[in-house]
Amino acid sequence: MLMPNSSKLFQEDPDWRGFTDHLGGPLAELTQRQALLGRQIHEDGVTYNVFNASGSPTRPWSLELLPRLISAQDWRLIEKGVTQRASLLNHIATDVYGPQQLLKDAYLPAALVLGHPGYLRGLHGVKPLGGVYLHVAAFDMVKGPQGRWWVVSQRTEAPSGLGYVMQNRRIVSGLFPEAFRALNVQHLASGFRRLLDTLQTLAEPCAQGRAPRLALLTPGPYSETYFEHAYLARYLGLPLVEGGDLTVRDERLYLKTVQGLEPIHGLLRRLDDGYCDPLELRSDSTLGVPGLMQAVRAGNVVMANALGTGFLESSAIHGFLPALSRRLLGEELALPSLPTWWCGEQAAWLDVKNKLSEHVVRTTFPSGGVEGCTLKPADLQAWRARIERDQAAYTVQSFVPYPNVPVWSQGQVAMRGASLRVYALADGQGGWRVLPGGMTRIATREAGPVSMQLGGSSLDTWVVTDGQVDTFSMLHPSVTLDDLVQRQRPVSSRTGENLYWMGRYTERVEFQLRLVQGLASVLADDDENDKSVLEALTGLCRSNGLVPKDAPSLLQSPGVFERTSVQALGDVSATQGARSLAYNLAMLERSAHALRERLSPEHWRLLRAMGRDFQTKLNESPVSDLAHAHEALDHLAMQLAAVTGAQTDRMTRDAGWRLLTVGRLVERLVSYAGVLQDFCLCGATHTQQGFDLMLVLFDSSITFRARFQRRLELPALLAMLVVDEANPRSLACVLRRLRTELGKLPDRGGPLDDLLALLPQEGVGVSFEALCEPAQAASCNSAVLALTQRLMDTGCRLSDELGRRYFAHAEPAEQMVSA
């Protein structure tokens, strides 16, 4: 269904007529496509993390079904104006950090520039590599009622949105493939390829003849736009790094990897200036790299964008751009800004003082205050007084209503106010290319605010061309040996640590699941349970976090013990002192969240779904005992099997994967040795119930029955669970695999022989005969108990040593690898 005002648009606009002619189905089918769009966003895990008071993200990324169409004629005007503006802003930055002639000649007020926190005095006189200050510049604009385009604001510090632009295009163009082709929509890939080429070219002087290494710097998973950081890093083929992953040595920037320190020659940053270097900027920042400013001054790293470009974002700058364009470029602005008055100039303030009701008030400097508000008549006097107390802090800008664009809402086309953000990309040679598209943002309701933070939404932006579509591909036409080496993605120390703990948490969840299922089967047994088995189970449940340490034992109160374990199952925060399944599932998801760019979409969705599905199934009906939790436990078991398959067969065998595998094996070694120790200490191995439960916990029941049938002899059990290297769950097999994987880790922080020396040279380090020597009560002998304690200690020492070698931030200078 079409609304009256949208019907005219679809009939009169030739591009929209072309779009509707190539829908591939009636308008009524758009609701089905909208459902597909929502499912795609959910499956891809696309988020915009507007954190609420509790710290939880409030909603996923919002994308509308219909694209915004920009005609070829409009785009020519936008492209020309944006290219000119990007060049002008770069010229301004060059002067401000150089001779400052614009300040001396009063083309720019010194108070506006030097008083802005985005101007970094420590970089005055420092020229970035290639003379490029702005590698990416974003411009927010609107189309006025008379059809004229106006620039409202500009983003020059660390412009966001490029990843969302690409994700929006991938989803929406896939939903309307016929219309996308028929309308001759310009592609985006060439812009991203040229951005990479520009950064690599600019970084060549500091790479000392080798292929430059680039990275994308993110504030981390708690950034509101972290998804786009991970998506963009994967799309561009760059490692995603945080400040803690980097270090500066001898005025050069290095990435801390599990192989050692590797040089970084260029950073595409998504971190604001103030947080980049705690030594010279914000001392409270934990997101930056100490010494980064000095590396920039030394000309050893390309920063995109250059540090210190934030002052260009001030809304007050717009009022001076027309004169600056004539001064620096010798031409008029092709794309005007909205009329702007900086209240720090007395004449400007007097001119606009009595016209505030017709304009928008903005802050001149970033302060976390009001950013663009229209004033109610009752508030005018208070605002005049507020501005006069600190005139330089405020800027007044003309108001222009947002143009309406069509969106599909509740089964019909509705109109919403929209603004357009476009991106200019430097070519490194003084020229600029405008990404043919961008991000359109809309209000969620008529006449509402256009803001993603306030619940707005986005549209894919299609630039219709009357020329040839650019079919440029992100695939490089030729690859050199240096290119191949660089494309072997380094594993940062933080990434390696997260992979290691993802392996440990995966194994921990799997073992806890089997332990819960074993506990449930014992409690559901109609026969009287053996006291030694109950004692062993109590110890295992306490040590593995299924119940608090002070919970009554199964011997004292089976009912209380079971209820306590049921309560702990779904306790994500471990408020009762037990770190059971829900808690470890949350920790597994947390470690995976920091690995977004390394995991396949299916693997990532599965890891996100496990904890949520488990909680959902626990909450579907009241769980009073473990028997009622069987559906949630069974579903989790199937998901874990899929995760294990993804980790085993769908991840690259690099150092990161080996650390993940070592993490699983270390956790398995400690867990299994603990099971054997507890059962031996309690004498539970001589009972049929204990015997069977041991096999369940080692996940070896089927293999044992096939080989030994119903023989309940301790030597057979020890052969299967301790010394049989053909059984992947035996201690000997775990140790053999550990020796193999440890031997393939990077040789860093000391010879690998030192790591391998922590493990027995072969087998479990004790002969089978010694393990089977007679002991009292047919239970395990001292050799078995000594072995289990030794292996548990080995697992702990090995974990500590891995952390020291591969994850610690401190790096001796001699560990740097060559550039």
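Residues numbered from 1 in each chain as written. Predicted model: local features only at pLDDT ≥ 70, side-chain atom pairs only at ≥ 80, totals over all residues. Heavy atoms only, no water.

## What about the pattern of salt bridges?
Two side chains bearing opposite charge may form a pair once their charged atoms approach each other closely. Just so we agree on the cut-off: Each salt bridge in this description consists of a side-chain nitrogen of Lys or Arg and a carboxyl oxygen of Asp or Glu lying within 4 Å of one another. Secondary structure counts use DSSP, requiring at least four H or I residues in a row for a helix and at least two E residues in a row for a strand, with both numbered from the N terminus. The buried label applies to any residue whose accessible area, calculated with a 1.4 Å probe on protein chains only, is under 20% of its type's maximum; exposed applies above 50%, and partly exposed to all values in between.
Enumeration according to the criterion identifies 38 salt bridges in this entry. Across the salt bridge formed by R326 and E332, the nearest N and O atoms sit 3.1 Å from each other. Close ionic contact of E507 with R664 constitutes a salt bridge, the shortest N to O distance being 2.9 Å. Taken together, the positions of E507 in helix α16 (residues 493-524) and R664 in helix α22 (residues 655-681) put the pair 157 residues apart, joining distant regions of the chain. For the pair shown, E507 and R664 are each scored as buried. Residues joined by salt bridges that share partners form a network here, namely E507, E510, R514, R664, R668, D699 and R729.

## Some points on the packing of helix α7 (residues 162-175) against helix α10 (residues 226-236)
Quick reminder of the rule: The angle between two axes is taken between their N-to-C directions and runs from 0 to 180 degrees, where each axis is a line fitted to C-alpha atoms and a helix contributes only its stretch in contact. Here the word oblique covers every angle except those under 35 degrees (roughly parallel), over 145 (roughly antiparallel) and from 65 to 115 (roughly perpendicular). In this analysis, two residues are considered to be in contact whenever any of their non-hydrogen atoms come within 4.5 Å of each other. Lys, Arg, Asp and Glu make up the charged group, whereas Ala, Val, Leu, Ile, Met, Phe, Trp, Tyr, Cys and Pro make up the nonpolar group; the residues left over, Gly among them, are polar.
Axis separation between α7 and α10 bottoms out at 8 Å; the angle between their running directions is 75 degrees. The angle between α7 and α10 falls in the class roughly perpendicular. Here α7 contributes L162, G163, Y164, M166, Q167 and R170 to the contact with α10, which in turn contributes F227, E228, Y231, L232 and Y235. Here the contact of α7 with α10 is built from residues that sort into seven nonpolar, two polar and two charged.

## A few points about the environment of C680
Tracing the chain through its elements places C680 in helix α22. By relative accessible area, C680 is classed as buried at 6%. Linking C680 and C780, residues 100 residues apart in sequence, is a C-alpha distance of 5.4 Å.

## What to know about the sheet that holds strand β7 (residues 252-257)
What counts here: A pair of strands is treated as paired once DSSP finds two or more bridges between them.
Strand order in the open sheet formed by three strands is β6-β7-β8, with antiparallel pairing between adjacent strands. The sheet terminates laterally at β6 (246-249) and β8 (260-263), the two strands that pair on one side only. Going across the sheet, the axis of each strand differs from the next one's by a mean of 45 degrees, ignoring polarity. For β7 and β8, the ladder comprises four bridges, and the chain directions are antiparallel. Bridge pairing in β8 links Y254 to P263.

## Brief notes about the packing of aromatic side chains
In plain terms, the rule: Each Phe, Tyr or Trp ring (for Trp, its six-membered ring) is paired with any other whose centre lies within 6.5 Å, and the angle between the two planes then decides the class: stacked below 30 degrees, edge-to-face above 60, tilted in between. A positively charged side chain is recorded as over a ring if its NZ (Lys) or CZ (Arg) lies within 6 Å of the ring centre. The angle to the ring normal must also be within 35 degrees.
Summed over the entire model, instances satisfying the criterion amount to 20 aromatic pairs. On the numbers, 5.7 Å between centres and 45 degrees between planes, the contact of W501 with Y505 is tilted. Pair noted here: W501 and Y505 are both in helix α16, with a separation of four residues, about one helical turn. Assessed through its relative accessible area of 26%, W501 is described here as partly exposed. What makes Y505 buried here is its relative accessible area of 11%. Taken together, W16, F19, F176, F180 and W462 form an aromatic cluster joined through their ring pairs. Positioned above the aromatic ring of W150 is the side chain of R148, whose terminal nitrogen or guanidinium carbon lies 4.8 Å from the ring centre. R386 extends its terminal NZ or CZ atom over the ring of W383, reaching a point 4.3 Å from the ring centre.

## Some details on the state of the cysteines
Just so we agree on the cut-off: By definition, disulfides here are pairs of cysteine sulfur atoms that lie within 2.5 Å.
A complete count under the given rule lists zero disulfides for this structure. Sulfur of C206: no disulfide; nearest cysteine sulfur belongs to C276 and is 17 Å away. You can call C206 buried: its relative accessible area is 3%.

## Digging into the sheet that holds strand β10 (residues 302-304)
As summarised here, the arrangement of the four strands in space is β5-β4-β9-β10, forming an open sheet in which the pairing is parallel. Single-partner strands in this sheet number two, and they are β5 (240-241) and β10. Relative to β5, strand β4 (residues 214-217) runs parallel, the two being bridged by two bridges. Paired with L217 across the bridge in β5 is V241.

## Considerations on the confidence of the model for the protein chain
The condition is simple: Every residue carries a pLDDT, the predictor's confidence in it, which falls somewhere between 0 and 100.
Per-residue pLDDT for the protein chain averages 88, and the proportion of residues at 70 or more is 90%. pLDDT under 50 marks residues 51-56. Its contacts with residues more than four places away, or in other chains, come to seven contacts. Scored below 50 in pLDDT, residues 811-819 shows 22 contacts in the model against residues more than four places distant or in partner chains.

## Remarks on the environment of G743
Following the sequence through the fold, G743 ends up in the loop between α26 (731-742) and α27 (752-756). Judged by relative accessible area, which is 39%, G743 ranks as partly exposed. Residues G743 and L756, 13 residues apart in the sequence, show an inter-C-alpha distance of 7.4 Å. In contact with G743, other than residues within four places in its own chain, are L752 and L756.

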